[in-house]
Amino acid sequence: MRFAYRFSGLLGTVYRRGNLSFTRDGNSLLSPVGNRISLFDLRNNKCETLPLATRLNIVCVGISPDGSLAILIDEEGAALLVSLIGKCVIHQFYFHKPVHSVSFSPDGKKFVVTKDNLAYLYHAPGKKREFNAFVLDKTYYGPYDETTCIDWTDDSKCFAVGSKDMTTWVFGAERWANLIYYSLGGHKDVIVACFFEENSLDLYTISQDAALCVWQCDTELDGLKPMPPKDAAKEKKAAEDDEELLEEPKGEEIHGKADPSEQETRNKVKYSRVAKYFFNKEGDFNNLTAAAYHKKTHLLVTGFASGIFHLHELPDFNLIHSLSISDQRIASISINCTGDWIAFGCSGLGQLLVWEWQSESYVLKQQGHFNSMVSLAYSPDGQYIVTGGEDGKVKVWNTSSSFCFVTFTEHNSGVTAVTFTSTGYVVLSASLDGTVRAFDLHRYRNFRTFTSPRPSQFSCLAVDSSGEIVAAGSQDSFEIFIWSMQSGRLLDVLAGHEGPISSLSFNPMKCVLASASWDKTVKLWDMLDSWRTKETLIMNSDVLVVAFRPDGKELAVAALNGQITFWDHENAAQTGSIEGRHDLQMGRKELDKITAKQAAKGKSFTTLCYSADGQSILAGGLSKFVCIYNVKEQILMKKFEISCNYSLDAMEEYLDRRKMTEFGSMALIDEGGGGDEGVAIPLPGVKRGDMSYRHFKPEIRVTCVRFCPTGRSWAATTTEGLLLYSLDSGLIFDPFELDIDVTPSNIHKTLSQKEYTMAIVMAFKLNEKKLIQEVIEAVPSSEVDVVCSSLPDLYVEKLLEFLASAFETSCHLEFYLIWAHKLLMLHGQKLKTRSVKLLPVIQFLQKSIQRHFEDVSKLCEWNIYNIKYALAISQQRGMKRPAAEETPGDDEEELDSDSDYLMQEAHKDN
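Residues numbered from 1 in each chain as written. Predicted model: local features only at pLDDT ≥ 70, side-chain atom pairs only at ≥ 80, totals over all residues. Heavy atoms only, no water.

**Student:** Hey, could you run me through the sheet that holds strand E3 (residues 28-33) in this one?
**Tutor:** One key point about sheets: their strands pair by backbone hydrogen bonds, in either a parallel or an antiparallel sense. An order of E2-E3-E4-E5 is seen for the four strands of this open sheet, with the pairing classed as antiparallel. Taken across any chain shown, the strands that pair with only one partner, and hence form the sheet edges, are strand E2 (21-22) and strand E5 (46-49). (Pairing = 2+ DSSP bridges. Helix = DSSP H or I, 4+ residues; strand = E, 2+ residues; numbered from the N terminus.)

What follows is the structure, given as C-alpha cells:
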C-alpha cells in the first residue's frame, strides 16, 4: 500500500501534435500530448491526463457525437477505443498503415478512417458489447495520392475526403442512385480542409496555397434517391465474391471516377464552382496549415505557417479578425459547439490556446518548456511545483489544477536548479548565465539577483531551512558562493574542490552544507565555524548528487559508478550502499553499436530524493525507470516505468533486426527530407537531439525526482514532461488488524447503539473510505470531544490522515475542523514525540486546510467589500451633492463620477 503510487497527471506539456477536439458540451478540450491524452476542463479551470497510453505518439483523435467514446490512433496506425466516461481502454485495433484522419458521423453510427489514398467506412461501436468493435462496412477508392481530411453532411448521408492530389471527393455513406463519385478540382496545392454547408451538399475546399473554392450543388440532401433494391443486391453479391478471393475482408468496395462521361452524369448530382477566394495578399507566400468551420454561425478559422490566423464569415468571405499567435506554424484548430471558443495548437512551441473571438480574450493560454525540463521543487505545503528548463524559463504549477499560473523569463540561459524557501513564497533559481535569482510569489517579480565577482556558470543550488542563506556551486571555477537573502550581498566563497560542483544540500536540522564534486569527494562545511571544512568524505568515483535525510542524521550520495552510499556524517562513517546500476535497465538507442546490457555498465543515478519519513529513497537517471529503495534494508521496493512511448529513443532493450541492413541501421536514412513537419535546424549544442537531421528521436531520461512533503505523491521531470504519481487509496482494499467480527453490518449495529468510538475503530480496521466517512459524519458535533479523548493513540494518526483527505472533497468544513481541532488539542503532546513520523500527515492536513482558508478568505473579503459598497450607496440616497461637482455633461460621466465617489467612501471605511 505504501508504494501503490499510480500515474495521476502530466504537467508541463499541453500539446505535441495531432488534432484538437472539443467535447460535446463545448466546455472541455481533448489535446494529444505525446502518447497520452489530456482533458482540459475550461469551465472549472482544471486539467486531467487520462491514465492510458498508446505505443507511439498520437497523430489523430476522433470523438463520438455523444462524447462517450474516443478513438486514438498513433503514428503506425495502432488504435485504441477509449471510454471518456470510465477513462479506460475498451478495444485495440491495428490499421497496419499510418492513418491521416478519423471522423465520426453526426448520428454516431459510422466513422471514416483515411489511410494512403483510401477511405474506410466502419460501423461505430454500439451500446452493446461486441467481440470486434471495428467492423468494416465499405472501402472507397478515388484519390490518386494520400488523403488528408474528412467532413460529414449534417444528416450523415454523405462525406467529403480531401487529398494531396489537389482534388476533393464526395462519397455516400449509403448507395444513392443519383450520386456518382467524382473529383472536384480547382486547386493548385494540397487540400488542407473541406467543409459542407449546414443541411446542404454545398461544399468549401481549402488548399495549402491559401485558396478557398466554393462549390454549389444542384441537389438538396432530401433529393438523394436510394439505390433500387435489385441493383443494390447485385453489387453486394459482387462484393462478396471479391471478398472470398481476398485474404483480408475489405467490405464493400466503391470506386469513384475522376472524369465520368456525359451519359453517366445525366440526371445526377452536379457540382459547380461559384467562387474562388485567396487568403494571401499579392506577393505573399504564406502556407495555410490548418482550418476549422462552424456551420451554424458560418465562421471559418484558418491558421498559417507564420503563426497568423484569420476569421472569415462565409459564403461572402468577410474578414472578421486577423491575429498572430507566435512565429510558429499552427498545427491544429478546433471550434466548440457554440462557436464562441477557438482552440489553437502550435506543435513547434508546444503551445495551446483557447481564444474567445467575440470578446477578444484568452480562455486558456498554456505552454510547456520549449526544451526539456531540468529540475523541480515542491512548495512546503505541496500545493505548487516549480520547474526550470533549458529554455531559461522558471514556471510555477498548481498541482490541483495542473496549470502553470506564472512564468519567469529573466534568465538568459538554461536553468540548472530551482528550489522553494521554507516559507513557500519565494522561488530561487540558478542558471548558466551566471546569476541566481529570487522570485516573489506574492507580486510575481524578481526581487533579488545574486552574482559572483567573476562570471561563473552555476550548476546547483541550495537554501538553508531558515531561508536566509543561499548557496550555489560553480561549474567552471570549482567554487561555492554564499549569499545573504536579506541584503543580497556575497558573504563567502568556498574553495577546496578540484572539479565542477555537481550538487549542494543543506542539513535541515543543523547549519551544515554538503557539497558534491567530480573530484570524487563530498565536503561538509560548518556555517557556524566560519564555513570551514568540517569533514571530507572520499568516494570511489565522481559524485553526481547528494541529499540529506529529512531529520538531518543521514547523507545519501550517488556516484558515477552507479552506487548509492549512505553516510553517518557526524562520524564520517559509511552505513550502507546500494548497487543500482542493474536496476536502471538502460535501453538501446537506434544507432548504438553496443548492446543495452553493455551500455548500462557506464550509467548511474543522477537524481536522489528521500521520502518525507526518511525510510525510503527515490532515484532516477538516464533511463525510463524510477526506483524506490528501502534505506534500512537496502533493497529495491518498487520500480516505476515512467514511459511506454516508443517514439522516444533508448526505449527498446533489443534492436529490431528488420531495421538493420548490410549498410547499417535504417534510422540513418532521412526519409522526411524537406517535409512540412521537418525540424528547423538551429545552432549546435542543444540536447534535444541531433538537429542536423530533419527528424530525430529525443532520448528518454529522468532529470530530477522529488517527493511531495505530504508523502502522498512524487514528481519527476522527464523528456515527456513533468509526471505526477500519487497514492490512489480508493481502489485498494487494505484492512488493518482485521478480525472475523469486523463487518459493515456489525459497524452499523454498533453505530445505532451510539458506541461511536468502537464504531470508528472497527471502520478503520476494515479501512473502507466511504464507511469511515459514514461513521464519522454520524457522530453528533457535541460528542466529538468525548470520542476524541477516548480514541486509542494508534487510531489518532489514521483519523488525522482521513481528515486531511476528506477536506479535499467534503462540504462539511466546520464539522471536520472541529474534529481536527479536538484531536490536536487532546493528543498534541503525544503526537509531538512522534513528530518525524507524523510530519507528512500533518503537512497533508495543513495543505488541505490552507486551501480552504484561501478560498473562504477571498470570498469573505469580496462580501465585506460589497456590503460596504451597498452601505455607502444607501448613505448617499437623498443627500444633496455639492454645487461645485454638478457640472453640465453627459449622463455617463455623472454615473462614473458617482461610482468613483462611492468607491472612495467604501475605501475610507476600510
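There is more to say, and it comes next.
**Student:** Help me out: how do you make sense of helix H7 (residues 769-778) in this one?
**Tutor:** An α-helix turns once every 3.6 residues. As a result, residues three or four positions apart point the same way. Of the residues making up H7, those classed as buried are Leu771, Ile772, Val775 and Ile776. Viewed along the axis of H7, the buried residues span an arc of 130 degrees, placing them on a single side of the element. (Buried < 20%, exposed > 50% of the residue type's maximum accessible area, 1.4 Å probe, protein only. Arc of directions from axis to C-beta.)

**Student:** Would you explain the packing of helix H5 (residues 744-752) against helix H6 (residues 756-766) in this entry?
**Tutor:** Between H5 and H6, whose axes approach to 8 Å, the crossing angle comes to 165 degrees. Relative to H6, the element H5 is oriented roughly antiparallel. Considering the relative orientation of H5 and H6, their crossing is left-handed. Side by side, H5 and H6 meet where Pro744, Asn746, Ile747, Thr750 and Leu751 of the first sit next to Tyr756, Met758, Ala759, Met762, Ala763 and Leu766 of the second. The residue inventory of the contact of H5 with H6, partitioned by class, reads nine nonpolar, two polar and no charged. (Axes fitted to C-alpha atoms, helices over the stretch in contact; angles between N-to-C directions. Parallel < 35°, antiparallel > 145°, perpendicular 65-115°, else oblique. Left-handed = near helix turned anticlockwise from the far one by under 90°. Contact = heavy atoms within 4.5 Å. Nonpolar A, V, L, I, M, F, W, Y, C, P; charged D, E, K, R; others polar.)

**Student:** How should the packing of H6 against helix H9 (residues 793-809) be read in this particular structure?
**Tutor:** Helix packing for two helices is described by the angle between their axes and how far apart those axes are. One can describe the packing of H6 onto H9 by two numbers: an axis separation of 11 Å at closest approach and a directional angle of 75 degrees. By the criterion of interaxial angle, the relationship of H6 to H9 is roughly perpendicular. Here Val761, Phe764 and Lys765 of H6 come into contact with H9, specifically with Tyr795, Lys798, Leu799 and Phe802.

**Student:** I keep staring at the nonpolar core and nothing clicks. Help me out?
**Tutor:** The biggest cluster of nonpolar side chains holds 39 residues, and the ones touching the most others in it are Ile760, Ile776, Leu799 and Trp819. If you list the elements that add at least two residues to this core, you get H5, H6, H7, helix H8 (784-790), H9, helix H10 (813-833) and helix H11 (835-876). Once residues within four sequence positions are removed from consideration, Leu799 is found in contact with Phe764, Ile776, Leu791, Trp819 and Leu823. Membership of the second largest hydrophobic core comes to 33 residues, among which are Cys149, Ala160, Trp169 and Tyr181. (Core = buried A, V, L, I, M, F, W, Y, C linked by side-chain atoms within 4.5 Å.)

**Student:** Where do I start with the confidence of the model for the protein in this structure?
**Tutor:** Detailed conclusions should not be drawn from predicted coordinates in areas where pLDDT is low. Taken residue by residue, the protein gives an average pLDDT of 83. The fraction at 70 or more is 84%. Segment residues 687-694: pLDDT under 50, and 22 contacts once partners within four positions in sequence are set aside and those in other chains are kept. (pLDDT = per-residue confidence, 0-100.)

**Student:** Hey, could you run me through unusual backbone geometry in this one?
**Tutor:** In most cases, non-glycine residues show a negative phi, while peptide bonds are predominantly trans. The residue after Leu314, namely Pro315, is reached through a cis peptide bond having omega 5 degrees. You can see Pro315 is positioned in the loop between strand E25 (308-313) and strand E26 (318-324). Even without being a glycine, Ser156 presents a positive backbone phi close to 65 degrees. Here Ser156 is to be found in the loop between strand E14 (147-152) and strand E15 (158-163). Under the relative-accessibility criterion, Ser156 is labelled buried at 9%. With a phi close to 55 degrees, Tyr444 is a non-glycine residue in the positive phi region. Of note, Tyr444 is situated in the loop between strand E37 (435-440) and strand E38 (445-451).

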